[in-house]
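# Residue-level structural notes
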Amino acid sequence: MRRLHACLGATAAVTLAAAGTTALVAGNASGATTALDNRWYAAAPYLMPLDNDPPDASAIMDATGLKAFQLAFILAPNGGGCSPTWGGTAPVSSDTAVQSVINTIRAKGGDVSVSIGGYGGTKLGQSCSDAASTAAAYQQVITKYGLHAIDFDLEEPEYENSAAIKNEIGAAKILQQNNPGLYVSVTTAGTADGTGWFGKQMLLEAKSQGFTPNNFSIMPFDGGFNGAASQTGALTNFNSILQSTFGWDQATAYAHEGFSGMNGRSDTGEYFTQSDFQTVLDYATSHNMDRFTFWSLNRDRQCTPPDNGGRTSGTCSSVTQNSWDFAKYSVRFAGATPPSSTPTPTPTPTPASCKTAWSSTAVYTAGNEVSYSKHNWKAKWWTQNEAPGASEWGPWQDEGAC
């Protein structure tokens with residue numbers, strides 16, 4: 001997400017810590033700190049620490065009372081192999097940048113979970129040969145950062161690959177057994193019916209392997225959703241799927257169910273405002289759900305201009321808001337009260353000068369900068385004839401108006 005697969009030690013028969021209890025320190029983790037209550041790991045919003053103009057985690061903690069962050073994403077190396085990297089390019093083994101972010105968060109009494117997978121890129125479940133080698137790669141991440149929580153974000157294109165999903169679920173089970181008290185979430189795509197065919201196949205794989213994480217979370221956005229009512233409807237339907245798949249009653253299914261939303265404008269142009277988050281939060285707490293999170297803190301700030309020209313951005317929400325409004329819903333889910341003071345609005349920055357205009361015939365490599373549609377853009381990797389645009393998964397990173 002390397003070439004050599006480390007062997008895991010003997011598997012201990014350990015019962016997964018129940019949701020809501022305090023997780024134990026992973027016995028083989030180096031530098032582990034005292035774990036937070038599991039409710040905080042269940043409320044941790046996603047943060048890209050190396051991309052999408054990473055915000056200051058310390059400032060978010062001060063402004064909101066947030067204690068936990070879901071760092072994204074661990075992938076296989078872009079060049080192939082079975083060792084963990086951040087985003088396919090930065091090896092975990094030599095990382096100091098993310099470690100510094102984690103140290104800052106922990107110094108203020110917080111902690112992190114790490115998310116593997118996500119949309120796009122090559123996942124370790126695809127590139128590793130089996131569940132044991134996949135787990136060995138993830139164990140490197142747990143050990144390096146002293147993790148108490150991990151998230152398996154299983155979605156396109158990986159969740160369409162049954163062998164890869166078998167590796168991921170098998171790895172999750174091994175990690176759960178070898179790291180007593182590790183909080184494990186599994187996140188997948190949401191649909192109006194709860195989750196689609198591939199999501200249901202993933203649940204059946206978990207059942208066949210006898211694997212039960214703290215929660216299975218769905219992402220009810222980018223699928224024709226329209227506000228909170230459509231999202232709570234999807235959560236109700238997903239609860240029925242959990243019941244029928246695992247033989248749980250309704251309350252048990254809700255205790256293993258999670259919500260992972262998208263704040264502001266989604267990739268497909270849906271809008272989710274603060275009032276939508278409040279409605280889903282009320283639903284989650286009233287049904288004793290296990291998780292409430294969102295994508296992402298990088299986007300939890302107002303665009304300039306506020307509507308962002310109808311674009312979905314990886315660095316702002318495209319709705320009117322104060323910075324970190326959406327993080328406060330995670331704080332409330334964790335059982336804490338956010339500070340009552342209103343954050344000082346971020347001043348409108350002076351636009352930068354425009355770079356050389358983008359050309360459809362030019363070849364661009366990582367780091368090249370261009371201007372397009374009155375914004376500056378930076379190439380993430382080699383690209384040609386791919387216009388800078390809305391998708392945060394494309395080859396261009398938006399550097400703001402010019």
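Scroll up for the structure.
Okay, so let's go over this structure.

Criteria and thresholds
Residues numbered from 1 in each chain as written. Predicted model: local features only at pLDDT ≥ 70, side-chain atom pairs only at ≥ 80, totals over all residues. Heavy atoms only, no water. Buried < 20%, exposed > 50% of the residue type's maximum accessible area, 1.4 Å probe, protein only. Helix = DSSP H or I, 4+ residues; strand = E, 2+ residues; numbered from the N terminus. Pairing = 2+ DSSP bridges. Right-handed = clockwise from strand over helix to strand, strands pointing away. Axes fitted to C-alpha atoms, helices over the stretch in contact; angles between N-to-C directions. Expected span 1.5 Å × (residues − 1). Polar contact = N/O pair within 3.5 Å; in protein donor to acceptor, adjacent residues only side chain to side chain. Salt bridge = Lys/Arg side-chain N within 4 Å of Asp/Glu carboxyl O. Core = buried A, V, L, I, M, F, W, Y, C linked by side-chain atoms within 4.5 Å. Contact = heavy atoms within 4.5 Å. Disulfide = S-S within 2.5 Å.

### Points about the pairing of strand β7 (residues 183-189)
With six of seven residues buried, β7 is to be regarded as a mostly interior element. Direction of pairing for strand β6 (residues 149-153) relative to β7: parallel, over a ladder of five bridges. Pairing of F152 across the sheet is with V186, part of β7. A crossover connection joins β6 to the parallel β7 through helix α6 (residues 162-178); in handedness this β-α-β unit is right-handed. Bridge analysis of β7 against strand β8 (residues 215-219) gives five bridges, and the strand direction is parallel. Each bridged residue has a counterpart across the sheet, and for V186 the counterpart in β8 is F216. Between the parallel elements β7 and β8, the chain passes through helix α7 (residues 197-209) in a crossover that is right-handed.

### Notes on the sheet that holds strand β17 (residues 396-401)
Strands sit in the order β14-β15-β17 across an open sheet of three strands; the sheet is antiparallel. The outermost strands of the open sheet, each flanked by one partner alone, are β14 (369-372) and β17. Averaged over all pairs of adjacent strands, the angle between their axes in this sheet comes to 30 degrees, without regard to strand direction. Pairing analysis gives four bridges linking strand β15 (residues 375-379) to β17, with the strands arranged antiparallel. Note on β17: the bridge partner recorded for A379 is W396.

### Quick notes on helix α5 (residues 131-145)
Every α-helix carries 3.6 residues per turn, so stepping three or four residues along brings you back to the same face. Compared with the 21 Å implied by 1.5 Å per residue over 15 residues, the 21 Å span of α5 between its first and last C-alpha is a close match. Summarising burial for α5: 11 of the 15 residues are buried, a large majority. Looking at α5, one finds that the buried residues are A131, S133, T134, A135, A136, A137, Y138, Q139, V141, I142 and Y145. A distance of 3.3 Å separates the backbone nitrogen of A132 from a side-chain oxygen at the start of α5, and that oxygen is part of D130.

### Concerning the pattern of salt bridges
Considering all chains together, one arrives at five salt bridges under this definition. Taking the shortest distance from any N to any O, the salt bridge between K108 and D62 comes out at 2.8 Å. Placement of K108 in the loop between α3 (97-107) and β5 (111-117) and of D62 in helix α2 (residues 57-64) is noted, with a sequence separation of 46 residues between them. Residue D111 pairs with R106 through a salt bridge whose shortest N-O separation is 2.8 Å. On the basis of relative accessible area, R106 is assigned to the buried category, the value being 13%.

### A short note on the nonpolar core
Judged by nonpolar contacts, the single largest core of 95 residues is most densely connected at F69, L71, I74, F152, F216 and F292. Aside from chain neighbours lying at most four places away, what touches F152 is I116, Y138, E168, A171, A172, L175, V184, S185, V186 and T187. By size, the runner-up hydrophobic cluster in this structure holds six residues, among which are Y364, V370, A379 and W396.

### A short note on the state of the cysteines
Tallied over the full model, the rule gives three disulfides. Shown here is the disulfide that connects C82 with C128, its sulfur atoms set 1.9 Å apart. Across the S-S bond linking C82 and C128, the dihedral sits near 100 degrees, which makes this disulfide right-handed. Taken together, the positions of C82 in the loop between β2 (68-75) and β3 (85-86) and C128 in the loop between α4 (124-127) and α5 put the pair 46 residues apart, joining distant regions of the chain. Summarising the burial analysis for this pair, C82 and C128 share the class buried. With its sulfur 2.1 Å from that of its partner, C354 forms a disulfide with C402. Disulfide C354-C402: torsion about the S-S bond near 90 degrees, hence right-handed. Of this pair, C354 sits in the loop between α11 (327-333) and β13 (363-364) while C402 is found in the segment after β17, placing the two residues 48 residues apart along the sequence. When the bonded cysteines of the protein chain are counted from the start of the sequence, the pairing works out to 1-2, 3-4, 5-6.

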